[in-house]
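Here is how the chains run, residue by residue.
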Protein chains: 2
Amino acid sequence: MAILVVGSVAFDAVETPSGRRDRCLGGAATYFALAASYFTPVRVIAVVGEDFGADEEVVFSRRAIDTRGIEHVSGKSFFWSGSYMKNLNEAQTLNTELNVFQSFSPKIPAEYEDTEYLFLANIDPVLQADVRRRMPNVKMVCGDTMNYWIRDHVENLSRVLRNLDALLINDGEAKMLAHESNLVVAARKILAMGPKALVVKHGEYGATSFFGDHAFPGEESRTPFRAPALPLAEVVDPTGAGDSFAGGFFGYIASQPRFAPVVFRRAMFYGGVMGSFAVERFGTERLQQLDRKEIEDRFALFRQLSHLD
Amino acid sequence: MAILVVGSVAFDAVETPSGRRDRCLGGAATYFALAASYFTPVRVIAVVGEDFGADEEVVFSRRAIDTRGIEHVSGKSFFWSGSYMKNLNEAQTLNTELNVFQSFSPKIPAEYEDTEYLFLANIDPVLQADVRRRMPNVKMVCGDTMNYWIRDHVENLSRVLRNLDALLINDGEAKMLAHESNLVVAARKILAMGPKALVVKHGEYGATSFFGDHAFPGEESRTPFRAPALPLAEVVDPTGAGDSFAGGFFGYIASQPRFAPVVFRRAMFYGGVMGSFAVERFGTERLQQLDRKEIEDRFALFRQLSHLD
C-alpha cells in the first residue's frame, strides 16, 4: 500500500573525512522516500523553491515517487550544511537556511487522501499534528523528531506522540525526551506518552525497539527487539542514515498484507539495510541506484551477522 | 574441558547510583572463573594476601573452582575502588592498591599442566606471555588487556597478541590499540597483529566479533558476528561485566567437543548472558547463585531479542 511522507526536501552541503559536496539533494523526506520506494509506492508532501528543477525532479520520478504533493514556491529551497570532520557519528551544523521551508504549510492533494500509511518526518510538531488530523483514514502513523523540538516545543510534540504507532528517534533524543539516562526506563516513559512502539536508533550499533501494550493487535509481544547495523570500513556520508532507516522500516511494513511482530522485526532489519546503503556514498547517490536483489542480499547478510544458525 | 584463568583476585569498593559496597570480592579472575564455572571446570592462578580467608575461599569452592593455583602471601590483596556515579558505562578509578599483586609471579601447579584452555585476564603482558610460554600444550588461548598496557607497554603486549586465538577488548581499547577510529579498520589492523579472532565489547550495545583467515580450522567464515546485550532497566554495578562476558564466552567454548563458527556465535551469546547477570547485583553476588536453567532461559531471551523468527 502507498505510504505518504511529509517532511523536508532540501539541498545539503557536507564535508566528511571522505570528501565534500557543496550541493546535493537532501532532506528527510527525500531520503525516506527513496528508501521506501524499493518496497511500496511513495507520495511526498514538501515545499521547494525555484532552485529545485528537472535534475531534482528526476531523482524522484525515476523511483516512481509521486511528487504531486511537492509544492513549488518562489524563493530558495531549505539549505543545510554540516561537517562530520570531528565526529562521524554526529553532524556539526555549519549553516541552516530555512528559506521556503519557513512558511511551509503542508497541502494534501486530493489524490493522497486515501493513503493508509503516514510518516511524519522531522518537522515542526504543529505541522505534524495538523497533517495527521487531516488524514483521518490512515491505518498506521510513524514519526521522527529531533532535539530542538524536544527541548523547546515539547507540548506540541506530546500531541503528536499521543497518536503515533511508532516513534523513531536516536539514543540521545530518547534520553532527552524522557529526562532519563537508562534507555529501558526512558523507553517506558516515552511509551507512556502515547506511541505504541518506540524504535531507538544507535547508529553503528543498530537499533532497539520497545513495545507498549497495544503494539500488535491481538498479540502480547513486549520483548524488545534489537537489530544490528552493518560494520562498515568506510562511512562516506552519514547524512540521512536515520531517515533511510525509517524509509526501509516503514516501506517494508506498508508492503505487507498484515502487521505482526515478525513484520516489525523484519522491518527493523530492512531499516538497517537501507541505512547502511545510504552512508556508503554522498547524499542520496547510493539510494538512487539500488535494486531489489542488492537489498535482499544485504538483508541476508544482516541475518548472517546476527543469527546463531 | 578444564579452563585455566590467570589474573587478579581482589577486593573492590564501588559506588553506583544503586548504592555502595565498601569491600566485595572482585578481580578479573574471580568474575571470569565464576561465569565460566557454569559451563566447564575452572582453575585459577592468582595471588592473594592474608585478608583473603575462608569467606572468600568458599565463593570459589561452592562453584567447584580449583584454587590450588591461588598463591597466599603475607600482606594485603589487590584493592581497587571506583565510582560509577558520573557514568555507568565507565568506572572512575578512585584508588588502586596493588599490594601483593605488585610482585605477582604466576606459579603453575603441576596439576594444571594438562589444561587445554587458557585465559589471560588483564594483567601485565610480560606475565601473560610468560604463562602462555609455560603452557605449551594449550589448545586455545584467549586474552584481555586494558588501556594502560596498550598505551605504555605495547611492545610487550604485541608478543602476547601474536599467539592469541581471540582477543577480547572494548571499543575504546580496540581503537586505541589500532590508532584508528573506524571499528572495522581497527579490527583488521588488530587481526594483523596476530589474534585469530577479535571480540569487541560494546557495553549496553552488545559485542561484535571479527575473524582472521585462520579463525576456524578448515572453514572460511569471515563474516563478523554481532551479539546483543540485554536492555536492563537497572544496572546495579557494572564492575566485572567484561570479565563475566569472557567467562561465559570461553567457558562455553571449552565445554564443547568441537570448535566451529556456530560454537563461537553461541559463545558470544553466553558471554552476553553472563555479563547481563553480573551487573544485576553488586560484585559477584549474582554470579555466585545462578543455575543452569536461569542461564538457558536468558540465552533463549537473547535469541528472542535478536532473531527474526
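Structure first, text after, so check above.
Nothing here was measured: the structure is a model prediction, and the numbers come from that model.

**Digging into the overall build of chain A**
- Looking only at helices and strands, one finds 11 helices and 13 strands in chain A.
- Taking 2.2 N^0.38 as the reference for a compact globule, 309 residues should give roughly 19 Å; the C-alpha atoms of chain A span a radius of gyration of 18 Å, in line with that estimate.
- Judged by the C-alpha coordinates and their principal axes, chain A covers about 50 × 45 × 35 Å.
- Going through the 309 residues of chain A one by one, you find that 59% of them count as buried.
- A separation of at least 24 residues holds for 64% of the contacts in chain A among residues at least 6 apart in sequence.
- Averaging the locations of the 33 positively and 39 negatively charged side chains of chain A gives two centres separated by 4 Å.

**Comments concerning the interface of chain A and chain B**
- Facing the 36 residues of chain A at the interface are 36 residues of chain B.
- If you sort the residues of chain A by the area they bury against chain B, Tyr205(A), Arg226(A) and Leu308(A) come out on top, with a joint share of 29%.
- For the pair chain A and chain B, the interface holds 4 salt bridges.
- A salt bridge links Arg303(A) to Asp309(B), with the shortest nitrogen-to-oxygen separation between them at 3.5 Å.
- Applying the counting criterion to the chain A and chain B interface returns 22 residue pairs in polar contact (both at pLDDT 80 or more).
- Of all the secondary-structure elements, those providing two or more residues to the side of chain A that touches chain B are helix 6 (171–178), helix 7 (183–192), strand 12 (207–211), strand 13 (225–227), helix 9 (261–278) and helix 11 (292–306) of chain A.
- Broken down by element, the residue count for the side of chain A that touches chain B peaks at 6 residues, all from helix 11 of chain A.

**A short note on helix 8 (residues 241–255) of chain A**
- Given a rise of 1.5 Å per residue, 15 residues ought to cover 21 Å, and the 21 Å separating the end C-alpha atoms of helix 8 of chain A matches this to within 8%.
- Judged by how many residues are buried, helix 8 of chain A sits mostly within the fold: 12 of 15 residues are covered.

**Things to note about the relation of the copies chain A and chain B**
- Superposing chain A onto chain B requires a rotation of 180° together with a translation of 0.0 Å along the rotation axis, leaving an RMSD of 0.0 Å. In the structure described here, the two chain copies are related by an operation that fits a two-fold rotation axis.
- Both copies present the same face, since 100% of the interface residues in chain A are matched by interface residues at the equivalent positions in chain B.

**Let's talk about the packing of helix 8 (residues 241–255) of chain B against helix 9 (residues 261–278) of chain B**
Residues and elements named next belong to chain B.
- Direction vectors running N to C along helix 8 and helix 9 enclose 145°, while the axes themselves pass 7 Å from each other. The handedness of the crossing between helix 8 and helix 9 is right-handed. Along its contact with helix 8, which presents Ala 241, Ser 244, Phe 245, Gly 248, Phe 249, Tyr 252 and Ile 253, the element helix 9 presents Val 263, Phe 264, Arg 266, Ala 267, Met 268, Tyr 270, Gly 271, Gly 272, Met 274, Gly 275 and Ala 278.
- In the contact of helix 8 with helix 9, the residues fall into 12 nonpolar, 5 polar and 1 charged.

**Digging into the packing of helix 1 (residues 28–36) of chain B against helix 8 of chain B**
Residues and elements named next belong to chain B.
- In the contact formed by helix 1 and helix 8, the axes pass within 7 Å of each other and the chain directions differ by 40°. When the axes of helix 1 and helix 8 are compared, the pair comes out oblique. Note that helix 1 runs across helix 8; the crossing there is right-handed. On the side of helix 1, the interface is formed by Ala 28, Tyr 31, Phe 32, Ala 35 and Ala 36, while helix 8 contributes Asp 243, Ser 244, Ala 246, Gly 247, Gly 248, Phe 250 and Gly 251.
- Looking at the contact of helix 1 with helix 8 residue by residue, the class counts come to 7 nonpolar, 4 polar and 1 charged.

**A few points about the pattern of salt bridges**
All names here are of chain A.
- Applying the stated criterion to the full structure yields 44 salt bridges over all chains.
- Put simply, Glu 15 and Arg 20 hold a salt bridge, and the shortest N to O gap is 3.4 Å.
- Its relative accessible area of 24% is what places Glu 15 among the partly exposed residues.
- For Arg 20, a relative accessible area of 51% gives the class exposed.

**Remarks on the side chain of Ser209(B)**
- Within the secondary structure, Ser209(B) is located in strand 12 (residues 207–211).
- Those residues in contact with Ser209(B), other than ones at most four positions away along the chain, are Leu198(B), Val199(B), Pro224(B), Phe225(B), Phe264(B) and Met268(B).

**Let's talk about the sheet that holds strand 1 (residues 3–6) of chain A**
Residue and element names in this part refer to chain A.
- The 9 strands lie next to each other as 5-4-1-8-9-10-11-12-13, forming an open sheet whose pairing is mixed. The open sheet has two edge strands, strand 5 (66–72) and strand 13, and neither has a second partner. Averaged over all adjacent pairs, the angle separating strand axes in this sheet is 15°, with direction ignored.

**Details of the environment of Leu161(B)**
- Positionally, Leu161(B) belongs in helix 5 (residues 154–161).
- The residues touching Leu161(B), leaving out its near neighbours within four places in the chain, are Leu167(B), Leu177(B), Met193(B), Gly194(B) and Pro195(B).

**Notes on the side chain of Thr115(A)**
Residue and element names in this part refer to chain A.
- The topology assignment puts Thr 115 in the loop between strand 7 (92–97) and strand 8 (117–120).
- On the basis of relative accessible area, Thr 115 is assigned to the buried category, the value being 1%.
- A distance of 2.9 Å separates a polar atom in the side chain of Thr 115 from a polar atom in the side chain of Arg 43.

**What to know about the packing of aromatic side chains**
- According to the stated counting rule, one finds 43 aromatic pairs over all chains in the structure shown.
- Seen from their ring centres, Phe211(B) and Phe264(B) are 4.8 Å apart, and the 80° between their planes marks the pair as edge-to-face. Taken together, the positions of Phe211(B) in strand 12 and Phe264(B) in helix 9 put the pair 53 residues apart, joining distant regions of the chain. Like Phe211(B), the residue Phe264(B) is buried in the burial classification.
- Judged by centre distance (5.1 Å) and plane angle (80°), the rings of Phe249(B) and Phe264(B) are edge-to-face. With Phe249(B) in helix 8 and Phe264(B) in helix 9, the pair connects residues that are 15 residues apart, well separated along the chain.
- Here the aromatic cluster, defined as three or more aromatic residues joined through ring pairs, consists of Phe39(A), Phe225(A), Tyr252(A), Phe269(A), Tyr270(A), Phe299(A) and Phe302(A).

Parameters and conventions
Residues numbered from 1 in each chain as written. Chains lettered and ligands numbered in written order. Predicted model: local features only at pLDDT ≥ 70, side-chain atom pairs only at ≥ 80, totals over all residues. Heavy atoms only, no water. Helix = DSSP H or I, 4+ residues; strand = E, 2+ residues; numbered from the N terminus. Rg over C-alpha atoms; globule rule 2.2 N^0.38 Å. Buried < 20%, exposed > 50% of the residue type's maximum accessible area, 1.4 Å probe, protein only. Contact = heavy atoms within 4.5 Å. Lys, Arg positive; Asp, Glu negative; His and termini not counted. Charge placed at Lys NZ, Arg CZ, Asp CG, Glu CD. Buried area = accessible area lost by both parts, 1.4 Å probe. Salt bridge = Lys/Arg side-chain N within 4 Å of Asp/Glu carboxyl O. Polar contact = N/O pair within 3.5 Å; in protein donor to acceptor, adjacent residues only side chain to side chain. Expected span 1.5 Å × (residues − 1). Least-squares fit on C-alpha atoms with pLDDT ≥ 70 in both. Axes fitted to C-alpha atoms, helices over the stretch in contact; angles between N-to-C directions. Left-handed = near helix turned anticlockwise from the far one by under 90°. Nonpolar A, V, L, I, M, F, W, Y, C, P; charged D, E, K, R; others polar. Parallel < 35°, antiparallel > 145°, perpendicular 65-115°, else oblique. Pairing = 2+ DSSP bridges. Phe/Tyr/Trp six-rings, centres within 6.5 Å; stacked < 30°, edge-to-face > 60°.

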